[in-house]
Amino acid sequence: MADPVGDILGDYRGFVAQQRDRLLGRGVDIGPYSLSHLAFRVPEWDQYVHVRELLERHAVANSENVWNGRPISLIVPAEPLEVLDGKVVPLIELIPPVHQRVYKMGLEHLGVVVGDTFDAFVDAHKPVLTGQQFQGPNSTPDPVYILFEDFTHVKFYRLSLRASVELDAGPFPDGFRHVDGWVPQRLVTATGPNPLPR
């Protein structure tokens, strides 16, 4: 069966299954929880624009907004991505540079919605959690995460990423909204300002 989103992102089903299995090895079962999103990182701005265009051909909405100094796309696929024998991924987070630290490019993290049991989940799994990502004053609450050896993650949320964004900024608009007039940042280093990779 044709899978145009898989042609763009790669084997997202295999990625989700791999992250699930890694979590089970750490005593974390995501079976009872719904999924929030998949994140896909790209190393260059021009690649971000290209992948965004490709994904939007198979989507109903993109709510692009500026976060951490650059636009990020939150893309709603026309058909949720089916994974793990019946679970669905309803959102794709597409992330361009500048990346804040070392991340795997391509499929980089899976978001899991823990819901109202978030606090109990954190208490129960604190020994295997890597940390908490502080996402600003309106985060509800900030997600916790597990980092794996290949620089991929699984992030755990009380609310889905979409629900958290909509709680703060209102419902996603219909169609495709991009940040207007965006110019990629210049990277300032000890040797001077350098343009970001294109």
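Refer to the structure above for everything that follows.
Calculation criteria
- Residues numbered from 1 in each chain as written.
- Predicted model: local features only at pLDDT ≥ 70, side-chain atom pairs only at ≥ 80, totals over all residues.
- Heavy atoms only, no water.
- Helix = DSSP H or I, 4+ residues; strand = E, 2+ residues; numbered from the N terminus.
- Contact = heavy atoms within 4.5 Å.
- Phe/Tyr/Trp six-rings, centres within 6.5 Å; stacked < 30°, edge-to-face > 60°.
- Buried < 20%, exposed > 50% of the residue type's maximum accessible area, 1.4 Å probe, protein only.
- Salt bridge = Lys/Arg side-chain N within 4 Å of Asp/Glu carboxyl O.

## Notes on the side chain of Gln 133
So, point 1. Within the fold, Gln 133 resides in the loop between strand S9 (131-132) and strand S10 (144-147).
So, point 2. Leave out the neighbours within four places in its chain, and Gln 133 touches Trp 67, Asp 142, Pro 143, Tyr 145 and Lys 155.

## Thoughts on the packing of aromatic side chains
So, point 1. Tallied over the entire structure, the rule returns 3 aromatic pairs.
So, point 2. Ring geometry for Tyr 33 and Phe 121: centres 5.9 Å apart, planes at 85°, overall edge-to-face. In this pair, Tyr 33 is assigned in the loop between helix H2 (12-25) and strand S1 (34-41) and Phe 121 in helix H4 (residues 118-125), connecting sequence segments 88 residues apart. Comparing Tyr 33 with Phe 121, the two get one shared label, buried.
So, point 3. Aromatic pair Phe 121 and Phe 156: ring centres 4.8 Å apart, planes at 40°, arrangement tilted. With Phe 121 in helix H4 and Phe 156 in strand S11 (residues 153-157), this residue pair connects regions lying 35 residues apart in the sequence.

## Regarding the pattern of salt bridges
So, point 1. This model, assessed by the stated rule, comprises 10 salt bridges.
So, point 2. We note a salt bridge from Asp 150 to Arg 22, for which the minimum N-O separation is 3.1 Å. With a gap of 128 residues between them, Asp 150 in the loop between S10 and S11 and Arg 22 in helix H2 connect regions that are remote in the sequence.
So, point 3. Its relative accessible area of 25% is what places Asp 150 among the partly exposed residues.
So, point 4. Of the charged contacts, one joins Asp 119 and Arg 158 as a salt bridge, the two residues approaching to 3.3 Å between their closest N and O atoms. Taken together, the residues Asp 119 in helix H4 and Arg 158 in the loop between S11 and helix H5 (161-169) connect sequence positions 39 residues apart.
So, point 5. Classification of Arg 158 by relative accessible area gives partly exposed; the value is 22%.

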